[in-house]
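A structural walkthrough
Read off the chains here:
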Amino acid sequence: GFDTPHTSFTNLSFILTGVIVGLVAGAAASPAAREATVLFLALVGAIALSGLTVLAETEIAAAVPEKVLYPALLVLMGAAGASTVGFIGPALSLSVVLGSP
């Protein structure tokens, strides 16, 4: 496993990209593009979380050099954060539109 400073940076990557993508996607996505944005973020999230799951396997993590594993974890955590936290802005806007009479 990684030490506390390394895991803190993966957590930072997750939260920071999620907040930035949420703010940008919520403000920039036009009403017509919100559904496509939410679906795209869901796809990115599925891919990122699948990648994290694969890299978390003990045998795979042991086989991948740390100089490759840690940057891959940072990127995948950022993508997971962008998609799971970042979808909130456009998804809430979309739910209001879809739920209105």
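Residues numbered from 1 in each chain as written. Predicted model: local features only at pLDDT ≥ 70, side-chain atom pairs only at ≥ 80, totals over all residues. Heavy atoms only, no water.

The next subject is the overall build of the protein chain. Summing up its helical and strand segments, the protein chain has five helices and zero strands in all. Secondary structure elements in the protein chain, listed N-terminal to C-terminal, are α-α-α-α-α. Only carbon and sulfur atoms are counted for the fraction: they give 76% of the accessible area of the protein chain, which is about 6300 Å². (Helix = DSSP H or I, 4+ residues; strand = E, 2+ residues; numbered from the N terminus. Areas by Shrake-Rupley, 256 points an atom, 1.4 Å probe, with all protein chains shown as cover.)

This paragraph deals with the confidence of the model for the protein chain. For the protein chain, the average pLDDT comes to 90, and 100% of its residues sit at 70 or higher. At the level of individual helices and strands, the protein chain shows its lowest average pLDDT in helix α5 (residues 88-99), which scores 82, and its highest in helix α4 (residues 66-84), which scores 95. (pLDDT = per-residue confidence, 0-100.)

Further remarks concern the nonpolar core. One finds Ala48, Leu52, Leu55, Leu69, Leu73, Leu76, Met77 and Ala80 forming the largest nonpolar core, which totals eight residues. Elements with a minimum of two residues in this core: α2 (34-56) and α4. Dropping the residues within four chain positions of it, alanine 80 is found in contact with Phe14, Ala48, Leu49, Leu52 and Val85. (Core = buried A, V, L, I, M, F, W, Y, C linked by side-chain atoms within 4.5 Å. Buried < 20%, exposed > 50% of the residue type's maximum accessible area, 1.4 Å probe, protein only. Contact = heavy atoms within 4.5 Å.)

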